[in-house]
Amino acid sequence: MALVLVWAAELAVFALVVAGILAERPLPLAATGLAIVAAAVGLRLRPGLRRALVAAFVAHRRAALAGGALLALALPLALRASPYWTFVAALALLYVTIGQGLNLQIGTAGVLNLAGAAFAGLGGYSVGLLTVTAGWPAWLAVLAAPWVAVIVGTLLFVPILKTRGHYLALVTIAFVFIFNILMNNFEFTGGPQGIKNIPTLRLFGWPFTAKPSLLGVELPAHANFYYAALVMASLTTLVLRRLHDSWLGLTLNTLRDDEIAARCCGVSITRGKLLAFCIGNFFIGLGGALYAVMVGFVSPPDFDFGYSLVMLSVIIIGGVDSIPGVVLGACLLLPLPERFRFLHEYRLLLYGLVIVVMLLYRPQGLWPAAIRRYR
Amino acid sequence: MSLLEVKGLTVSFGGLVALDAVDVGVDAGETLGVIGPNGSGKTTLFNALTGLYAAAAGEIRFAGRELAGLEAHAIARLGIARTFQSSRLCLALSAFDNILIGMQAGRRTGLLDSVFRRGKLLAEMGEALERASHLLALFNRDLPARGFERVGQLPQIDRRRVEICRALASRPKLLLLDEPSAGMNPEETAELMRDLQIVREEMPGLSVIVIEHDMFVIEGVSRRVVAFNYGRKIAEGPFAAVAAHPEVREAYLGRETARA
Ligand SMILES: Nc1ncnc2c1ncn2[C@@H]1O[C@H](COP(=O)(O)OP(=O)(O)OP(=O)(O)O)[C@@H](O)[C@H]1O
Ligand SMILES: [Mg+2]
């Protein structure tokens with residue numbers, strides 16, 4: 001019975017999301033909007049139902065995960081008429097990967113890295129240079145690029161990681177702008193034009209520009225990247241959840257909350273922050289690398305400070321230090337301005353507003369970090 | 001055998017000499033009481049011992065090693081654990097997490113185990129949680145059941161206990177307690193003194209230094225006492241002798257007349 005409830009709830013969310021994305025005419029759009037509001041209000045007014053749902057999801061965690069995975073696999077089928085929305089869905093999944101990396105730094109360790117865009121850019125540009133200039137195959141470049149983000153981050157920031165307070169935030173903001181200026185002016189990175197014609201991914205002879213078909217249904221070519229991003233986001237989320245629910249997460253949380261207490265318990269602050277910084281930058285760089293092969297080119301405006309803010313708002317919306325929160329935050333925040341085109345021009349304003357409202361009224365985020373239970 | 005030997009320890013902040021050529025020693029298994037009026041340098045002694053403050057002069061030998069120049073986390077790993085005068089728990093984390101952090105220096109699993117050998121990690125975590133429960137139960141049998149609650153939700157006295165458990169979790173050789181009864185009412189203070197008795201009985205080999213502001217609280221806990229005033233050690237010996245020492249009486253009475 002509870003199992004049915006879990007799957008019915010997941011199916012309902014899936015249906016609402018797909019309807020919300022695909023409804024073009026005012027009437028269906030309004031109907032979907034009404035359904036979403038009705039569902040939200042219903043859950044608010046019926047705490048019994050809410051509790052039953054939560055209990056069902058807790059009791060059937062594995063089944064819920066399996067159901068969610070199945071629906072995630074099926075999403076391109078539902079979106080097959082729109083290559084654009086398939087692309088947006090893939091982008092949201094890239095932001096899950098990036099968000100998990102950044103959340104380890106900002107949320108778990110309190111290392112306020114506002115250079116997310118630059119580290120993603122290091123991954124993206126590395127892919128561009130390794131493929132176009134050095135002639136590497138795309139998959140190898142995608143695997144190598146995150147290490148560039150890790151190494152550059154380590155070399156530049158080790159002296160600053162030790163400082164307390166907001167130095168790091170200021171220095172990382174400066175770093176994003178410096179990164180942009182450099183990319184605009186270096187000859188070997190293509191200046192303002194960036195690097196074009198990045199070859200697409202090719203796995204086991206399958207080029208990602210070919211249209212895949214699933215269950216006999218032909219999907220847009222971007223579905224390739226959707227599935228690649230889905231695998232990457234799932235693996236990243238699994239790895240970060242395991243790291244969070246282990247000595248590392250515990251140590252980083254402690255040094256975030258009280259450095260003196262942490263030191264007196266034998267925690268090396270430098271080592272802890274450096275670990276968080278490197279692991280985080282790896283996944284941020286990985287997201288940027290896959291972005292580069294997905295869109296086929298990189299240029300400075302793709303990695304400007306605005307994207308650092310997008311990444312930050314993903315974390316704040318979802319829930320600081322919360323692994324499922326990052327997934328929720330990315331899946332909500334990336335598609336939203338795409339859906340409402342009139343919002344698109346004001347997207348940074350929207351993100352800024354969302355951050356302020358969340359910090360004022362729900363600082364723990366939509367899906368707050370849970371207590372570690374080590375199981 | 002002497003576990004800790006402090007000789008000529010001097011700590012100053014600008015022109016203020018917070019500790020002035022202090023000698024202190026603690027034997028293995030001994031409990032030493034430290035008393036002294038406000039600002040007499042008691043906490044500064046702990047901060048110097050744990051590597052938070054650098055000494056201007058003097059030496060600190062602990063278990064045969066010189067501690068000068070070691071970082072705080074390295075000193076903690078040698079076996080000195082402490083609590084703080086005003087609580088330094090991570091209120092957003094669970095009581096168990098606050099205790100487990102004390103055990104992380106002795107962990108046997110690394111990052112790769114956390115990701116790829118989950119069973120091994122969870123087994124170790126299970127043992128750690130069990131030990132944390134055991135430590136909590138020493139002080140309050142109902143506390144382990146609340147171990148997964150955020151520590152900020154526990155009453156003041158239980159938070160103090162969690163902090164002591166965190167210090168004990170690292171299996172230290174020397175435990176430093178900075179005014180454990182600070183902010184407690186008389187009943188709670190009595191309970192905490194009983195808790196310290198329990199620690200003594202459970203861990204007979206452990207050396208303890210307890211700071212207490214109120215010199216009569218210390219009577220039940222430690223046999224040997226040192227008294228500070230203005231950064232200098234003014235008396236040392238059995239409690240009765242120290243309490244009767246003219247300079248100690250003057251330091252405390254002087255404070256009381258100043259207050260009146
Ligand atoms: N970090 C610091 N910077 C400057 N002065 C300090 C610092 N820490 C302590 N002091 C000064 O050193 C002196 C001793 O302080 P300490 O905290 O050791 O006193 P205490 O004996 O613990 O007093 P209390 O009973 O109030 O806790 C005080 O005058 C205090 O102001
Ligand atoms: Mg003090």
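Analysis parameters
- Residues numbered from 1 in each chain as written.
- Chains lettered and ligands numbered in written order.
- Predicted model: local features only at pLDDT ≥ 70, side-chain atom pairs only at ≥ 80, totals over all residues.
- Heavy atoms only, no water.
- Helix = DSSP H or I, 4+ residues; strand = E, 2+ residues; numbered from the N terminus.
- Rg over C-alpha atoms; globule rule 2.2 N^0.38 Å.
- Contact = heavy atoms within 4.5 Å.
- Areas by Shrake-Rupley, 256 points an atom, 1.4 Å probe, with all protein chains shown as cover.
- Lys, Arg positive; Asp, Glu negative; His and termini not counted.
- Charge placed at Lys NZ, Arg CZ, Asp CG, Glu CD.
- Buried < 20%, exposed > 50% of the residue type's maximum accessible area, 1.4 Å probe, protein only.
- Pairing = 2+ DSSP bridges.
- Right-handed = clockwise from strand over helix to strand, strands pointing away.
- Axes fitted to C-alpha atoms, helices over the stretch in contact; angles between N-to-C directions.
- Parallel < 35°, antiparallel > 145°, perpendicular 65-115°, else oblique.
- Left-handed = near helix turned anticlockwise from the far one by under 90°.
- Nonpolar A, V, L, I, M, F, W, Y, C, P; charged D, E, K, R; others polar.
- Donors = N, O, S within 2.8 Å, 3.2 Å for Na, K, Ca; no water.
- Near = heavy atom within 4 Å.
- Polar contact = N/O pair within 3.5 Å; in protein donor to acceptor, adjacent residues only side chain to side chain.
- Buried area = accessible area lost by both parts, 1.4 Å probe.
- Domains from an automatic or database assignment.
- Salt bridge = Lys/Arg side-chain N within 4 Å of Asp/Glu carboxyl O.

Caption draft 1: Main features of the overall build of chain A. Along chain A, the regular secondary structure elements total 17 helices and four strands. A compact globule built from 375 residues would reach a C-alpha radius of gyration of about 21 Å, and chain A, at 21 Å, matches this within 12%. If one aligns the C-alpha atoms of chain A with their principal axes, the spans along those axes are about 55 × 55 × 40 Å. Counted over contacts in chain A with a minimum sequence separation of 6, partners at least 24 positions apart contribute 76%. Summed over all atoms, the accessible surface of chain A reaches about 17,400 Å², with 72% contributed by carbon and sulfur. Of the charged side chains in chain A, 26 are positive and 13 negative; the average position of the first set lies 10 Å away from that of the second.

Caption draft 2: Inspection of the pairing of strand β8 (residues 207-211) of chain B at higher detail. Residues and elements named next belong to chain B. Burial analysis of β8 places five of its five residues in the buried class, the great majority of the element. Of the two faces of β8, the one holding S207, I209 and I211 and the one holding V208 and V210 are both buried throughout. When strand β3 (residues 31-35) meets β8, the two strands line up parallel, connected through four bridges. If you follow V34 over to β8, its bridge partner there is I211. In this view, the connection linking strand β7 (residues 174-178) to its parallel neighbour β8 by way of helix α7 (residues 186-202) has right-handed handedness.

Caption draft 3: Examining the sheet that holds strand β5 (residues 65-66) of chain B more closely. All names here are of chain B. The strand order β2-β1-β4-β5 describes an open sheet built from four strands, whose pairing is antiparallel. Only two strands of the sheet have a single partner each, and these edge strands are β2 (16-27) and β5. Docked against the sheet, helix α1 (residues 42-49) engages β1 (2-13), β2 and β4 (57-62), running at close to 110 degrees with respect to β1.

Caption draft 4: Structural view of the packing of helix α13 (residues 305-318) of chain A against helix α14 (residues 323-333) of chain A. Residue and element names in this part refer to chain A. Remark: α13 packs on α14, axes separated minimally by 7 Å, with the N-to-C direction vectors making an angle of 120 degrees. With respect to their mutual orientation, α13 and α14 come out oblique. Read as a crossing pair, α13 and α14 show a hand that is right-handed. Contacts between α13 and α14 pair V310, S313, V314, I317 and G318 from the former with G325, V326, G329, A330 and L333 from the latter. Grouping the amino acids of the contact of α13 with α14 by side-chain chemistry returns six nonpolar, four polar and no charged.

Caption draft 5: Seen up close, the pairing of strand β10 (residues 232-238) of chain B. Residues and elements named next belong to chain B. Note: strand β9 (residues 224-229) against β10, six bridges, orientation antiparallel. Among the inter-strand pairings, N229 is bridged to a residue of β10, identified as R232. What sits between the antiparallel neighbours β9 and β10 is a turn of two residues, in which Y230 has the positive phi angle 50 degrees.

Caption draft 6: Examining the coordination of the magnesium ion (ligand 2) more closely. Residues and elements named next belong to chain B. Those donors, T43 (OG1) and Q85 (OE1), are the protein atoms that reach the magnesium ion (ligand 2), and they lie 1.9 to 2.1 Å from it. Of this pair, T43 sits in helix α1 while Q85 sits in the loop between β6 (80-82) and α3 (95-100), placing them 42 residues apart in sequence. Here Q85 falls in the partly exposed class, since its relative accessible area comes to 32%.

Caption draft 7: Main features of the site of ligand 1. All names here are of chain B. Every one of the 15 residues lining ligand 1 counts as a neighbour, but N38, K42, T43, T44 and Q85 are closest to it. Separating an oxygen atom of ligand 1 from a backbone N or O atom of G39 is a distance of 2.8 Å. A distance of 3.2 Å separates an oxygen atom of ligand 1 from a polar backbone atom of S40. Considering ligand 1 on its own, with 640 Å² of exposed area, one finds that the protein chains cover 66% of that surface. Contributing elements (two or more residues each) for the shell around ligand 1: β2 and α1. At three residues, α1 tops the list of elements feeding residues into the shell around ligand 1. Taken together, the residues that form the shell around ligand 1 break down as five nonpolar, eight polar and two charged.

Caption draft 8: Highlighting the interface of chain B and chain A. Counting residues at the interface gives 38 residues for chain B, matched by 31 residues for chain A. A combined buried area of about 3,100 Å² lies between chain B and chain A, and 67% of that area is made up of carbon and sulfur atoms. Viewed at the interface, chain A and chain B are joined by ten residue pairs in polar contact (both at pLDDT 80 or more). Among the elements of the structure, α2 (72-78), β6, α3, α4 (111-116) and α5 (118-139) of chain B are those that each provide at least two residues to the side of chain B that touches chain A. Sort the elements by how many residues they give to the side of chain B that touches chain A and α5 of chain B lands first, with seven residues.

Caption draft 9: Spatial organisation of the domain arrangement of chain A. Residue and element names in this part refer to chain A. Per the domain assignment, the segments of chain A are domain 1 (1-78) and domain 2 (83-361). Relative to domain 2, the C-alpha centre of domain 1 lies at a distance of 28 Å. The interface is formed by eleven residues belonging to domain 1 together with twelve residues belonging to domain 2. Of the roughly 960 Å² buried where domain 1 meets domain 2, counting both sides, 67% is carbon and sulfur surface. The largest per-residue losses of area from domain 1 upon contact with domain 2 belong to I21, P76 and L77, which jointly make up 53% of the total buried on that side. Put simply, domain 1 and domain 2 have zero salt bridges between them.

Caption draft 10: Focus on the pattern of salt bridges. Residues and elements named next belong to chain B. If you walk through the whole model with that rule in mind, you get 21 salt bridges over all chains. Put simply, D113 and K120 hold a salt bridge, and the shortest N to O gap is 3.8 Å. Assessed through its relative accessible area of 8%, D113 is described here as buried. Among the ionic pairs, E236 bridges to R224, the shortest N-O distance being 2.5 Å. Here the residue E236 occupies a position in strand β10, and R224 occupies one in strand β9, the gap between them amounting to twelve residues. Accessibility expressed as a relative area gives 38% for E236, which makes it partly exposed. Of the residues examined, R224 reaches a relative accessible area of 21% and is grouped as partly exposed.

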